[in-house]
Amino acid sequence: MNVLRVFVRKMSQGKKWEALNKVGVIGVPFEKGQKKYGVSMAPAAMRAAGLIEQLKEIDGLDVKDYGDIDTPGCADPVAVDNMIHLPLVSECNRKLSEKVSQILKDDRVAVTIGGDHSIGVGTVDGHCNVNKDMILIWVDAHADINTNKTSGSGSVHGMPVALLAKEMSDYWPYLPTMDWQVPKFSMKNLAYVALRSVDEYEMLAIQKYKVPAFAMEDIDQYGIQKSIRHILHVLDPKMEKPIHVSFDIDALDAIEAPSTGTPVRGGLTLREGINLMEIIHSTGRLRAIDLVEINPAVGNTSDRKKTLEAGLCILRAGLGFSRRGPLPRGIKDLPIQTFHTDKDTKGTKS
Ligand SMILES: [Mn+2]
């Protein structure tokens, strides 16, 4: 009896996770969560830069393109204090949430190409509706956790985390048009990476709810690998929860990704961004990636090319592309030696 009980407990403890080899791509040509022209062109620009073809080149990856969300364009019928275009933001996110849920139910990793970061409301809501235990890693120069009372700009792309978090629901007034979105995400499942431009009340929220927040200063101190492994351990020590990465391209240094609306210097190198995604991919639990705030209208041709390429590198790393190179299709188990261990070099004369 005891043996059986132990067996049953073991079976029910954390299911074995394997990286999904199927992805669903959805474009969100939406820019009303901020004031600059151009970020809505990112899905088309990413596709023109070879998004789907490059993902299909990853060994064994089955890629389905779900097309673009039909984004609303008509004028705002309702005005909400210090929340520009809320009805449009709301309508776009309602559709996106349903689409992300559908992709996850199709047993695919949901890859969402924004659009500005207000679309994180839809992607995370859609993920939460399928997996309420999901953990969220917000990779961004900014914390995006203002409310309409603390925001200096009134742009909703600075508010998505505060809209999602149930702990912060008391800080909001009634928001017309947002009835579909019941905050159900817990800040206990949230971490930040790459912060370097955080407002006062955002810092207060991060501290109040003890959110693991790895600002660039912390990444300088611990390195990207230790930082991300620490986050994964703190949020989910049993390693059993699905992971959502919401990656704002401005997490990367402005030198790496200049075509974005609110660039901040001193950010992640592209290599750090890639390595972060590789580590999260290696858990086998990555189920959703958002890539947002690429603005093809900012900068010159070279800036745009650099930024789109950086975005593609980030996505590929999160979906299993290996910088070491692929093996021929179907061959997985050859004992390839990729580096010398201590044991190999012990005793050799220098
Ligand atoms: Mn952001």
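Everything quoted here is computed from the prediction, not taken from an experiment.

Parameters at a glance
Residues numbered from 1 in each chain as written. Predicted model: local features only at pLDDT ≥ 70, side-chain atom pairs only at ≥ 80, totals over all residues. Heavy atoms only, no water. Helix = DSSP H or I, 4+ residues; strand = E, 2+ residues; numbered from the N terminus. Buried < 20%, exposed > 50% of the residue type's maximum accessible area, 1.4 Å probe, protein only. Contact = heavy atoms within 4.5 Å. Areas by Shrake-Rupley, 256 points an atom, 1.4 Å probe, with all protein chains shown as cover. pLDDT = per-residue confidence, 0-100. Donors = N, O, S within 2.8 Å, 3.2 Å for Na, K, Ca; no water. Salt bridge = Lys/Arg side-chain N within 4 Å of Asp/Glu carboxyl O. Arc of directions from axis to C-beta. Lys, Arg positive; Asp, Glu negative; His and termini not counted. Axes fitted to C-alpha atoms, helices over the stretch in contact; angles between N-to-C directions. Parallel < 35°, antiparallel > 145°, perpendicular 65-115°, else oblique. Left-handed = near helix turned anticlockwise from the far one by under 90°. Nonpolar A, V, L, I, M, F, W, Y, C, P; charged D, E, K, R; others polar. Pairing = 2+ DSSP bridges. Right-handed = clockwise from strand over helix to strand, strands pointing away.

Within the protein, the secondary structure is distributed over 11 helices and eight strands. Here the protein holds 350 residues, and 51% of them are scored as buried. Residue pairs in contact within the protein that sit at least 24 positions apart in sequence constitute 75% of those at least 6 positions apart. Just so you have it, the protein exposes about 17100 Å², and 53% of that area is on carbon and sulfur atoms.

Let's shift gears to the confidence of the model for the protein. On average, the protein scores 92 in pLDDT, and the residues at 70 or more come to 89%. Here residues 3-13 is a poorly scored stretch, pLDDT under 50, and it has zero contacts once near neighbours within four places are set aside; other chains count.

Moving on, we come to the coordination of the manganese ion. Listed as protein donors to the manganese ion are H117 (ND1), D140 (OD), D144 (OD) and D248 (OD); their distances from the metal cover 1.9 to 2.3 Å. Positions of the donor residues of the manganese ion, expressed as sequence spacing, correspond to H-x22-D-x3-D-x103-D. A residue pair is termed long-range when its members are at least 10 positions apart, and D140 in the loop between β4 (135-139) and α6 (160-164) and D248 in strand β7 (residues 243-248) qualify at 108 residues. Like D140, the residue D248 is buried in the burial classification.

On to the pattern of salt bridges, then. All told, the structure shown has 11 salt bridges when counted by the stated rule. We note a salt bridge from E91 to K95, for which the minimum N-O separation is 3.9 Å. Of this pair, E91 and K95 are both found in helix α4 (residues 86-105), four residues apart, which corresponds to roughly one turn of the helix. Owing to a relative accessible area of 28%, E91 belongs among the partly exposed residues under this scheme.

The next thing to look at is helix α7 (residues 200-208). Regarding α7, the residues found buried are E202, A205 and I206. Along the long axis of α7, the arc covered by the buried residues comes to 100°, so they all point the same way. Exposed positions of α7 whose direction lies more than 90 degrees from the buried face are E200, Y201, L204, Q207 and K208. Close packing links the buried residues of α7 with β5 (190-195) and β6 (213-215).

Here we come to the side chain of K241. The topology assignment puts K241 in the loop between α8 (216-235) and β7. The buried charged residue K241 lacks any salt bridge, with D236 as its nearest oppositely charged partner at 5.0 Å. Sequence-distant contacts of K241, that is, excluding residues within four places in its chain, are made with W17, D133, I135, N189, L235, D236 and R285.

Attention now goes to the packing of α8 against helix α9 (residues 270-282). Between α8 and α9, the least distance of the axes is 9 Å, while the angle of their chain directions is 20°. What the angle tells us is that α8 and α9 run roughly parallel. For α8 against α9, the interelement crossing comes out right-handed. Only E272, N275, L276, I279 and I280 of α9 make contact with α8, whose side of the interface consists of I219, I224, Q225, I228, R229 and L232. Residue composition of the contact of α8 with α9, by class: seven nonpolar, two polar and two charged.

When you tally the buried positions in strand β8 (residues 286-292), you get seven out of seven residues, the bulk of the element. Alignment of strand β3 (residues 109-113) against β8, held across four bridges, turns out to be parallel. Following the sheet pairing, A110 is matched in β8 by A288. For the handedness criterion, the β-α-β arrangement of β7, α9 and β8 is classed as right-handed.

Assignment of secondary structure puts A297 in the loop between β8 and α10 (301-318). Under the relative-accessibility criterion, A297 is labelled partly exposed at 35%. When residues no more than four places from it in sequence are discounted, the contact partners of A297 are Y37, G38 and M41.

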